[in-house]
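One-letter residues, chain by chain:
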Amino acid sequence: MQALTYHGSRDVRVETVPDPTLIESDDIVLRVTATAICGSDLHLFHGKIPETRHGDIFGHEFMGIVEEAGPAVTELKAGDRVVIPFVIACGQCFFCENDLFAACEATNPDQGASLRKRASMTPPAALFGYSHLYGGVPGGQAEFVRVPKANVGPFAVPGSLADEKVLFMSDILPTGYQAVLNAKIQAGSSVAIFGAGPVGLMAAACARMLGAEQIFMVDSEQYRLDFGVTAYGVIPVNLSDGDPSERILEKTNGRGVSASIDAVGFEAKGSTTETVLSTLKLETSSGEVIRQCITATRRGGVVSVPGVYAGFIHGFLIGDAFDKGLTFAMGQTHVHKYLPELLRYIEEGTLDPEIIISHRMKLADAAQGYRIFDEKKDACRKVVLTP
């Protein structure tokens with residue numbers, strides 16, 4: 001089969017690799033009908049995620065048709081059409097029973113990204129296509145993919161809905177939704193969303209759906225901000241116009257917003273000092289967006305972090321956060337928990353996640369898709385690939 005594989009920083013290739021096979025009795029083999037390039041895939045593409053190995057197959061946003069099912073698969077059969085959550089969960093451990101699927105302690109043989117490890121610490125859940133910190137499970141930017149724990153993860157979708165309508169239920173839509181729920185957004189809330197990439201846009205869509213009164217959106221790319229204005233009625237804040245938190249404070253009577261969402265993550269552009277520290281390996285993540293969130297959020301507010309972080313940062317303003325009485329909520333998305341309600345919103349027409357798609361390409365052109373998305377060429381917001 002054909003699949004997108006990793007060969008070093010900014011070197012991905014579509015190559016012929018062996019077809020996947022059933023390994024465990026509750027596996028399925030899925031024929032992929034649509035897959036997408038996620039913003040967090042760019043961390044892999046840049047060579048920033050440890051334990052990403054040559055030949056690894058990327059992709060954690062995908063859906064398709066069941067080709068083959070193992071003998072212990074009771075919830076699916078060949079021919080079923082499903083969306084696959086990017087988190088692989090067992091459905092039976094302590095965390096899964098408490099709807100904390102991203103913390104599943106049964107699917108990941110690896111250690112996760114924690115630096116302060118202890119021998120008895122359980123790892124986070126395995127993820128599709130996201131390095132050997134998270135199970136080394138081949139991803140879905142491929143013609144076929146093996147899906148473990150198939151009685152728990154795959155989510156059946158109606159044939160009446162096109163792939164593009166439901167594809168983003170695999171990651172960015174529930175990720176944006178969880179970020180907004182973590183931020184406690186409700187009617188009348190104000191929120192600042194840092195990052196107008198796919199997750200930031202999904203967060204804006206969900207915040208608007210839940211009744212947010214003011215949605216500030218911060219980014220350096222005007223075309224992304226313009227889309228946010230048109231699609232979700234955001235208040236645009238371009239980084240080129242100066243300190244974004246100061247501008248948000250000016251527009252909120254000096255109080256700040258009720259919540260901020262960091263949809264950028266650890267590769268945010270920081271100061272010269274942070275660039276030097278990163279080069280010297282004295283920090284592994286830029287803390288610039290976290291600092292902006294702390295400043296822009298009102299006292300007693302929430303900082304929600306769906307953006308991926310790894311390692312440590314300098315200049316974490318814990319004193320400022322304490323002084324303001326802020327709450328932090330972060331982590332991978334408990335995708336399975338949200339799928340039934342998100343499907344209902346899509347069926348009702350309350351959410352239209354597919355409107356963010358700007359580029360549709362064949363899987364064979366995936367390497368070009370990565371470059372266009374990474375370099376923000378051709379007003380690229382989101383790339384969907386079809387085998």
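Scroll up to find the structure.
Reference entry: report on the structure contained in this document. Every value quoted in this text rests on a predicted model; they were computed, and no experiment measured them. (Residues numbered from 1 in each chain as written. Predicted model: local features only at pLDDT ≥ 70, side-chain atom pairs only at ≥ 80, totals over all residues. Heavy atoms only, no water.)

## Notes on the overall build of the protein chain
Condition: Secondary structure counts use DSSP, requiring at least four H or I residues in a row for a helix and at least two E residues in a row for a strand, with both numbered from the N terminus. The reference for a compact globule is 2.2 Å times residues^0.38; the radius of gyration itself is calculated from the C-alpha atoms. Note on exposure labels: buried denotes an accessible area under 20% of the residue type's maximum, exposed denotes more than 50%, and partly exposed covers the range between, all computed with a 1.4 Å probe on protein chains only. Contacts: residue pairs with any heavy atoms within 4.5 Å of one another. Residue burial considers only the protein chains on display, and all accessible areas are found by Shrake-Rupley using a 1.4 Å probe. The convention is simple: Lys and Arg are positive, Asp and Glu are negative, and His and the chain ends are not counted. Working definition for charges: the position is that of NZ of Lys, CZ of Arg, CG of Asp or CD of Glu.
Each helix and strand in the protein chain was counted, giving twelve helices and 17 strands. Rg of the C-alpha trace for the protein chain: 20 Å, near the compact-globule value of 21 Å for 387 residues, within the 12% margin. Each of the 387 residues in the protein chain was classed as buried or not, and the buried ones make up 55%. Pairs at least 24 apart in sequence give 72% of the contacts found in the protein chain among residues at least 6 apart. Split by element, the accessible area of the protein chain, about 16,000 Å² in all, is 50% carbon and sulfur. Positive and negative side-chain charges of the protein chain, numbering 34 and 46 respectively, have mean locations separated by a distance of 4 Å.

## Topic: the packing of helix α4 (residues 172–182) against helix α5 (residues 198–209)
The condition is simple: To define axes, lines are fitted to C-alpha atoms, for helices over the stretch in contact only, and angles between the resulting N-to-C directions are given on a 0 to 180 degree scale. Our angle categories are set so that under 35 degrees counts as roughly parallel, over 145 as roughly antiparallel, 65 to 115 as roughly perpendicular, and the remainder as oblique. Crossings are classed by handedness, with left-handed meaning an anticlockwise turn of the near helix from the far one by less than a right angle and right-handed meaning a clockwise turn. Under the convention adopted here, Pro, Cys and the residues Ala, Val, Leu, Ile, Met, Phe, Trp and Tyr are nonpolar, Asp, Glu, Lys and Arg are charged, and Gly plus all remaining residues are polar.
Two elements in contact, α4 and α5, have axes separated by 8 Å at closest approach and are oriented at 55°. The angle between α4 and α5 falls in the class oblique. The chirality of how α4 crosses α5 is right-handed. Of the residues in α5, those touching α4 at Ile-172, Leu-173, Thr-175, Gly-176, Tyr-177 and Val-180 are Pro-198, Val-199, Met-202, Ala-203, Cys-206, Ala-207 and Met-209. Grouping the constituent residues of the contact of α4 with α5 by class yields eleven nonpolar, two polar and no charged.

## So, the packing of α4 against helix α11 (residues 335–348)
At a minimum axis separation of 10 Å, α4 and α11 run at an interaxial angle of 100°. With respect to α11, the element α4 is oriented roughly perpendicular. Mapping the contact onto sequence places Leu-173, Pro-174, Tyr-177, Gln-178 and Leu-181 in α4 and Val-335, Tyr-338, Glu-341, Leu-342, Tyr-345 and Ile-346 in α11.

## As for the pairing of strand β4 (residues 61–69)
The criterion, for reference: Two strands pair under a simple rule: DSSP has to find at least two bridges between them.
Pairing of strand β3 (residues 28–37) with β4, which is carried by eight bridges, proceeds in the antiparallel orientation. Paired with Ile-28 across the bridge in β4 is Ala-69. Two strands pair when backbone bridges link them, and β4 and strand β5 (residues 81–84) are joined in this way by four bridges, in the antiparallel orientation. Each bridged residue has a counterpart across the sheet, and for Met-63 the counterpart in β5 is Val-83.

## Structural notes on the sheet that holds strand β14 (residues 297–305)
Two modes of strand pairing occur in sheets, parallel and antiparallel, and in both the strands are linked by backbone hydrogen bonds. With respect to topology, six strands assemble into an open sheet ordered β12-β11-β10-β13-β14-β15, the strand pairing being parallel. The open sheet is flanked by β12 (235–238) and β15 (327–330), the only strands paired with a single partner. With direction set aside, neighbouring strand axes in the sheet form an average angle of 20°. With four bridges joining them, strand β10 (residues 190–194) and strand β13 (residues 257–262) adopt parallel strand pairing. Pairing of Val-191 across the sheet is with Ala-259, part of β13. Against the sheet, α4 makes contact with β13, β14 and β15, and its axis sits at roughly 155° relative to β14, the strand it touches most. With respect to the sheet, α5 is in contact with β10, β11 (214–219) and β13, its orientation differing from that of β11 by roughly 175°.

## Comments concerning unusual backbone geometry
Unlike most non-glycine residues, Ser-131 shows phi in positive territory, near 80°. Of note, Ser-131 is situated in the loop between β7 (126–127) and β8 (144–147). Phi angles above zero are rare outside glycine, and Lys-149 is one such case at about 50°. Inspection of the secondary structure assignment puts Lys-149 in the loop between β8 and β9 (155–156).

## Some remarks on the packing of aromatic side chains
So the rule is basically this: Two rings from Phe, Tyr or Trp (for Trp, the six-membered ring) form a pair when their centres are within 6.5 Å of each other. A pair whose planes differ by under 30 degrees is stacked, one over 60 is edge-to-face, and the rest are tilted. For a Lys NZ or an Arg CZ to count as sitting over a ring, it must be within 6 Å of the ring centre and within 35 degrees of the ring normal.
As enumerated under the stated definition, the model contains ten aromatic pairs in all. The interplanar angle of 75° and the centroid separation of 6.2 Å between the aromatic rings of Tyr-177 and Tyr-345 together place this pair among those described as edge-to-face. Within this pair, whereas Tyr-177 is found in helix α4, its partner Tyr-345 is found in helix α11, the two being separated by 168 residues in sequence. The exposure class of Tyr-177 is buried, given its relative accessible area of 3%. Between Phe-227 and Tyr-232, the aromatic rings sit 6.2 Å apart at their centres with planes inclined by 80°, giving edge-to-face as the arrangement. Residue Tyr-232 is classed as buried on the basis of its relative accessible area of 8%. Put simply, the rings of Tyr-6, Phe-45, Phe-58 and Tyr-370 pair up and form one aromatic cluster. Arg-344 extends its terminal NZ or CZ atom over the ring of Tyr-345, reaching a point 5.5 Å from the ring centre.

These figures come from the coordinates and say nothing about function on their own.
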